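Structural overview
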Amino acid sequence: MACASAPRVQLDVRGRPQARSLSCESRSAYDLLGHVGIQVDEATFLGGLARSDNPEFGFVGSVDDPGGGLPPDGYGVYEGPIADRMRQLGCDVEAVRGVDLDWLRRHLDGGRPVIVWATAGLEPSPIVRMRDAR
């Protein structure tokens, strides 16, 4: 049985492939920055991003590490530090969690781009709790 397709929302945001193995969050952020007229390159964005052993506080590991690792090895970063960096560059954004598809639809219907953190292939993955380290 096929599912009914949902209505589509299309925003004029130009995405480009990430240049580094763990730069997906940053790539999405500077694509969104470009959409609102803030031009920044990958090196500049990444250079100002906080670093940490905990993705809640900053980028974990090297942006060139292979994907699939867990902290303290190459991992990436969560929404808070990305939003902080975007605000430093002049973009009024907020980092939120626990929203549902209705929230997402309202934002997209309103023409507001959203960056969504998801696993590769949108496959379920166990949550890994981080220790409170910066």
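Conventions we followed
- Residues numbered from 1 in each chain as written.
- Predicted model: local features only at pLDDT ≥ 70, side-chain atom pairs only at ≥ 80, totals over all residues.
- Heavy atoms only, no water.
- Helix = DSSP H or I, 4+ residues; strand = E, 2+ residues; numbered from the N terminus.
- Buried < 20%, exposed > 50% of the residue type's maximum accessible area, 1.4 Å probe, protein only.
- Contact = heavy atoms within 4.5 Å.
- Areas by Shrake-Rupley, 256 points an atom, 1.4 Å probe, with all protein chains shown as cover.
- pLDDT = per-residue confidence, 0-100.
- Polar contact = N/O pair within 3.5 Å; in protein donor to acceptor, adjacent residues only side chain to side chain.
- Core = buried A, V, L, I, M, F, W, Y, C linked by side-chain atoms within 4.5 Å.
- Lys, Arg positive; Asp, Glu negative; His and termini not counted.
- Salt bridge = Lys/Arg side-chain N within 4 Å of Asp/Glu carboxyl O.

1. A short note on the overall build of the protein chain
The helix and strand inventory of the protein chain stands at four helices and zero strands. The 134 residues of the protein chain split such that 28% are buried. In the protein chain, 52% of the contacts between residues at least 6 apart in sequence involve partners at least 24 apart. Accessible surface, the protein chain as shown: approximately 9000 Å² in total, 51% of it carbon and sulfur.

2. Focus: unusual backbone geometry
The omega torsion of the bond from P71 to P72 falls at 10°, within 30 degrees of zero and hence cis. Mapped onto the fold, P72 is located in the loop between α2 (42–47) and α3 (79–88).

3. Concerning the confidence of the model for the protein chain
Averaged over all residues, the pLDDT of the protein chain equals 85, while 84% of them reach at least 70. Averaged over each element, pLDDT in the protein chain is lowest for helix α4 (residues 101–109) (89) and highest for α3 (97).

4. Thoughts on α4
Of the residues flanking the start of α4, the one acting as N-cap is D100, its side-chain oxygen 3.2 Å from the backbone nitrogen of D102. Immediately downstream of α4, the backbone of G111 shows phi near 80°, a positive value.

5. Section: the nonpolar core
Counting 16 residues, the largest nonpolar core has L33, F45, L49, F59, I82, M86 and C91 as its most contacted members. Among the secondary structure elements, those contributing two or more residues to this core are α1 (24–35), α2 and α3. Not counting residues within four places of it along the chain, the set of residues in contact with C91 comprises L32, L33, V36, I38 and M86.

6. Here's the deal with the side chain of R85
Turning to its location among the elements, R85 is positioned in helix α3. Buried within the structure, R85 lacks any salt-bridge partner; its nearest side chain of opposite charge belongs to D41, at an N-O separation of 7.8 Å. Within the local environment of R85, its side chain forms a polar contact with the backbone oxygen of F45, the two atoms lying 3.1 Å apart. Once residues within four sequence positions are removed from consideration, R85 is found in contact with T44, F45, G48 and L49.

7. Examining the side chain of E79
Within the secondary structure, E79 sits in helix α3. For E79, a relative accessible area of 16% corresponds to the buried category. Contacts of E79, omitting those with residues within four sequence positions, involve A95, V96, R97 and W117.

8. Things to note about the pattern of salt bridges
If the charged atoms of two oppositely charged side chains come close together, the side chains can form a pair. With the rule as written, the count across this model stands at seven salt bridges. A salt bridge links R16 to D31; the shortest N-O distance between them is 3.8 Å. Of the two residues, R16 is situated in the segment before α1 and D31 in helix α1; the sequence distance between them amounts to 15 residues. Look at D31 and you get buried, because its relative accessible area is 8%. The partner of R105 in a salt bridge is D109, with the nearest N and O atoms 3.8 Å apart. Here R105 pairs with D109, and both are found in helix α4, just four residues apart, close to one helical turn. The class of D109 is exposed, set by a relative accessible area of 52%. Linked through salt bridges whose partners overlap, the residues forming this network are R16, R27 and D31.

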